[in-house]
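# Chains, contacts and geometry: an overview
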Amino acid sequence: MPKIRRLHTLLEHIEAGRYRLGPHVARHMLQEGFLERDVLTALRWGRELAVYPEDARMLVLGYMVFGGRVKLPLHVVLEYAKPRWVDIVTTFIPERPHRVYSRARLAALLRFDGGREAVEWAGAGENRPPREAAG
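Notes on the structure follow. This one's a predicted model, so the numbers in the text were calculated from it and none came from an experiment.

Side-chain pairing between opposite charges can occur once the charged atoms of the two side chains come close. Summed over all chains, the structure comprises five salt bridges. Put simply, Glu48 and Arg6 hold a salt bridge, and the shortest N to O gap is 2.3 Å. Residue Glu48 is found in strand S2 (residues 47–52), and its partner Arg6 is found in the segment before helix H1 (7–15); the two are separated by 42 residues along the sequence. Overall, Glu48 belongs to the partly exposed group, its relative accessible area being 21%. Each of the salt bridges in this network shares a partner with another, and the network as a whole consists of Arg20, Lys82 and Asp87.

Turning to the packing of aromatic side chains, a few remarks are in order. What the rule picks out here adds up to zero aromatic pairs. Directly above the ring of Tyr63 sits Lys71, whose terminal nitrogen or CZ lies 4.7 Å from the centroid.

For strand S3 (residues 57–66), a buried count of seven out of ten residues is recorded, marking the element as mostly surrounded by other parts of the structure. Of the pairings in the sheet, the one linking S2 to S3 comprises five bridges and is antiparallel in character. Residue pairing for S3: Glu48 is matched across the bridge by Val60. Between the end of S2 and the start of S3, which pair antiparallel, lie four residues, with Ala56 showing a positive phi angle near 55°. Here ten bridges tie S3 to strand S4 (residues 70–79), and the two strands are oriented antiparallel to one another. Within the sheet, the bridge partner assigned to Gly62 lies in S4 and is Leu74.

Bringing the pairing of S4 into the picture now. Following S3, the chain reverses through three residues before pairing antiparallel with S4; Gly67 in that reversal takes a positive phi of roughly 65°. Of the strand pairs in this sheet, S4 and strand S5 (residues 86–92) are connected by five bridges, and their pairing is antiparallel. In the strand pairing of S5, Glu79 is matched with Asp87. Remark: six residues form the turn of the hairpin made by S4 and S5, two consecutive strands paired antiparallel.

Residue placement: Thr91 occurs in strand S5. Residue classification places Thr91 among the buried residues on the basis of a relative accessible area of 0%. Each residue touching Thr91, except ones within four places of it in the same chain, is listed here: Val25, His28, Phe34, Val39, Leu74, His75 and Val76.

Definitions and cut-offs
- Residues numbered from 1 in each chain as written.
- Predicted model: local features only at pLDDT ≥ 70, side-chain atom pairs only at ≥ 80, totals over all residues.
- Heavy atoms only, no water.
- Salt bridge = Lys/Arg side-chain N within 4 Å of Asp/Glu carboxyl O.
- Helix = DSSP H or I, 4+ residues; strand = E, 2+ residues; numbered from the N terminus.
- Buried < 20%, exposed > 50% of the residue type's maximum accessible area, 1.4 Å probe, protein only.
- Phe/Tyr/Trp six-rings, centres within 6.5 Å; stacked < 30°, edge-to-face > 60°.
- Lys NZ or Arg CZ within 6 Å of the ring centre and 35° of its normal.
- Pairing = 2+ DSSP bridges.
- Contact = heavy atoms within 4.5 Å.

Next up, the structure:
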């Protein structure tokens, strides 16, 4: 299992410019109207919501600050598999900023290919609802 790393140690690399913005970041920046500096500010003042050591990833909740008075939440997913490098995998404005996502939900969020997850009821019994697509 990869080593667990903390946000404050990853910030050292980000501050030194040893990071990369992934394609999902650019897509969300265009769609949701925030900038690279907003992502960096959110990370500087953010907190870890969830750490996934088996994937060498971390979900961070930070805030974009506008005019010193307006704060909007921003989730940032970091990947720290490389020793002295941080990949910013994706960023998005969350619907529920303080909710910690399950691994399955986070994986679905990170897919970003427009696909839908199939949901099937499991368990004994004949009175199960029909198979549905999640949405």
